[in-house]
Amino acid sequence: MNCWESKIPGCYEIQLRVFQDHRGKFVKTFHQGIFEDQNLETQFSETYYSISSKNVLRGLHFQVPPKDHVKLVHCLQGEILDAVVDLRVGAPTYGQYETFHLTEDKGNSVYIPAGLAHGFYILSEQAVVIYQVSTVYAPQYEQGILWDSANIPWPTDNPNISGKDSNWKSLSEFKSPFVYNAPSFV
Ligand SMILES: Cc1cn([C@H]2C[C@H](O)[C@@H](COP(=O)(O)OP(=O)(O)O[C@H]3O[C@@H](C)C(=O)[C@@H](O)[C@H]3O)O2)c(=O)[nH]c1=O
């Protein structure tokens, strides 16, 4: 497993090892020891997946404190444009986005620290996206920002989105409760 920090501190792209043979593929998406070695969260509380068709956009979502959480996102089937926006007040990248091209073929994941909004757009005919999150789903703490309010270069202006996702506040209207804790070095 290789891990690269993106321009957003604490947000990583992870390249998994893909074993391929005449039967197909074998990919391990999480290994406690390796995550500990990289100082990444290892206590995940829930795992879930969604199946979406082309042109669907889900997001941009997050849970606010005290139910905020780390997300580990992996595209099991198909191809997505994954995006995060830094909502941590005081972060050097506050308000900025980063995108990742997650595909079944590459076998890559995104590790998203608490305090980032997350969403993705489906590039393939269908995509299956699986997540691990470090706190359980708490609908009363679930919030979002409008998908097109953070300058993310989505491939379309007219994605297929849920009613809920069309009604979030824009990034500029959102009062962030997240505070950036810079990593401390001894
Ligand atoms: C996220 C979630 C949803 N649900 C329910 C609520 C609803 O009835 C149904 C679909 O929920 P949503 O419309 O919120 O699903 P979706 O828009 O796919 O939400 C997901 O979007 C991406 C971008 C993320 O980052 C995820 O963490 C999650 O927020 O599933 C749960 O029961 N548990 C959960 O953890």
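In short, a report on the structure. Note that the structure is predicted; figures quoted are calculated from it, not measured. (Residues numbered from 1 in each chain as written. Predicted model: local features only at pLDDT ≥ 70, side-chain atom pairs only at ≥ 80, totals over all residues. Heavy atoms only, no water.)

**Observations concerning unusual backbone geometry**
Moving on, step 1. Going from G59 to L60, the amide bond is cis rather than trans, its omega being 5°.
Moving on, step 2. Following the sequence through the fold, L60 ends up in strand 6 (residues 57–63).
Moving on, step 3. Cis geometry marks the peptide bond from P65 to P66; its omega dihedral reads 5°.
Moving on, step 4. Although it is not a glycine, N151 sits at a positive phi angle of roughly 65°.
Moving on, step 5. Tracing the backbone shows N151 in the segment after strand 13 (142–144). (Helix = DSSP H or I, 4+ residues; strand = E, 2+ residues; numbered from the N terminus.)

**Some details on the nonpolar core**
Moving on, step 1. Counting 19 residues, the largest nonpolar core has F62, V85, L87, I145 and W154 as its most contacted members.
Moving on, step 2. Of all elements in the fold, only strand 6, strand 8 (79–86) and strand 11 (116–122) reach the threshold of two or more residues within this core.
Moving on, step 3. Beyond its immediate sequence surroundings of up to four residues, V85 is in contact with L60, G95, Q96, Y97, G115, L116, A117, I145, A150, I152 and L171.
Moving on, step 4. Counting 17 residues, the second-largest nonpolar core is a separate cluster that includes I8, C75, I80 and V129. (Core = buried A, V, L, I, M, F, W, Y, C linked by side-chain atoms within 4.5 Å. Buried < 20%, exposed > 50% of the residue type's maximum accessible area, 1.4 Å probe, protein only. Contact = heavy atoms within 4.5 Å.)

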